[in-house]
Amino acid sequence: MEYEAGQIVYSKSGHDKGKIFIILSVEGEYVYLADGKCRSLEKPKRKKIKHIQPTKFVSEFLKEKLIEKSYLLNADIVKVLREYNKNEGGF
């Protein structure tokens, strides 16, 4: 599966197992993740691709902001994840 900025994923391993994140960037076999609360934009989580479970949902709003490197807030990430949980029934 192809991973991209703005995609929602779940952690499959580690102390953050089961938590939901947004992919900020993909570099080789690693992705950089943020949830806007514990893992902010300023200090993203670096995780191997094999340790995440992808979803098919990609936030176009976040994707555009990440690609253009425009102004993005942690609150924007929290809002997108909250909407996803509400629509999908949570995890």
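### As for the pattern of salt bridges
Move 1: In total, this model carries four salt bridges according to the counting rule given.
Move 2: Across the pair Glu4 and Lys63 runs a salt bridge, and its minimum N-O distance is 2.6 Å. Pair noted here: Glu4 is in the segment before strand 1 (7-11) and Lys63 is in helix 1 (residues 60-68), with a separation of 59 residues, a long-range link.
Move 3: By relative accessible area, which is 22% here, Lys63 ends up partly exposed.
Move 4: In this structure, the salt-bridge partner of Lys48 is Glu29, at a minimum N-O distance of 3.5 Å. Of this pair, Lys48 sits in strand 4 (residues 45-48) while Glu29 sits in the loop between strand 2 (20-27) and strand 3 (30-34), placing them 19 residues apart in sequence.

### Thoughts on the sheet that holds strand 2
Move 1: Here we have five strands laid out as an open sheet, ordered 4-3-2-1-5, and antiparallel in their pairing. At either margin of the open sheet sits one strand with a lone partner, and together these are strand 4 and strand 5 (52-58). Between one strand axis and the next, the sheet turns by 45° as a mean value, whatever way the strands run.
Move 2: Relative to strand 4, strand 3 runs antiparallel, the two sharing four bridges. Paired with Val31 across the bridge in strand 4 is Lys47.
Move 3: Each of strand 1, strand 2, strand 3 and strand 5 touches helix 2 (residues 74-88); the most contacted strand, strand 2, lies at about 125° to it.

### Re the nonpolar core
Move 1: Ile8, Ile20, Ile22, Leu62, Ile77 and Leu81 are the most contacted members of the largest nonpolar core, which has 14 residues in total.
Move 2: At the level of secondary structure, the elements contributing two or more residues to this core comprise strand 1, strand 2, helix 1 and helix 2.
Move 3: When near neighbours in sequence (up to four residues on either side) are disregarded, Ile8 contacts Ile20, Phe21, Ile22, Pro54, Thr55, Phe57, Val80, Leu81 and Tyr84.
Move 4: Formed by seven residues, the second largest nonpolar core is a distinct cluster that contains Val9, Phe21, Ile23 and Ile52.

### Observations concerning the packing of aromatic side chains
Move 1: Enumeration according to the criterion identifies one aromatic pair in this entry.
Move 2: With a centroid separation of 5.5 Å and an interplanar angle of 40°, the aromatic rings of Phe57 and Tyr84 are classed as tilted. Here Tyr84 lies in helix 2 and Phe57 lies in strand 5, a separation of 27 residues in the sequence.
Move 3: A relative accessible area of 9% places Tyr84 in the buried class.

About the cut-offs
- Residues numbered from 1 in each chain as written.
- Predicted model: local features only at pLDDT ≥ 70, side-chain atom pairs only at ≥ 80, totals over all residues.
- Heavy atoms only, no water.
- Salt bridge = Lys/Arg side-chain N within 4 Å of Asp/Glu carboxyl O.
- Helix = DSSP H or I, 4+ residues; strand = E, 2+ residues; numbered from the N terminus.
- Buried < 20%, exposed > 50% of the residue type's maximum accessible area, 1.4 Å probe, protein only.
- Pairing = 2+ DSSP bridges.
- Axes fitted to C-alpha atoms, helices over the stretch in contact; angles between N-to-C directions.
- Contact = heavy atoms within 4.5 Å.
- Core = buried A, V, L, I, M, F, W, Y, C linked by side-chain atoms within 4.5 Å.
- Phe/Tyr/Trp six-rings, centres within 6.5 Å; stacked < 30°, edge-to-face > 60°.

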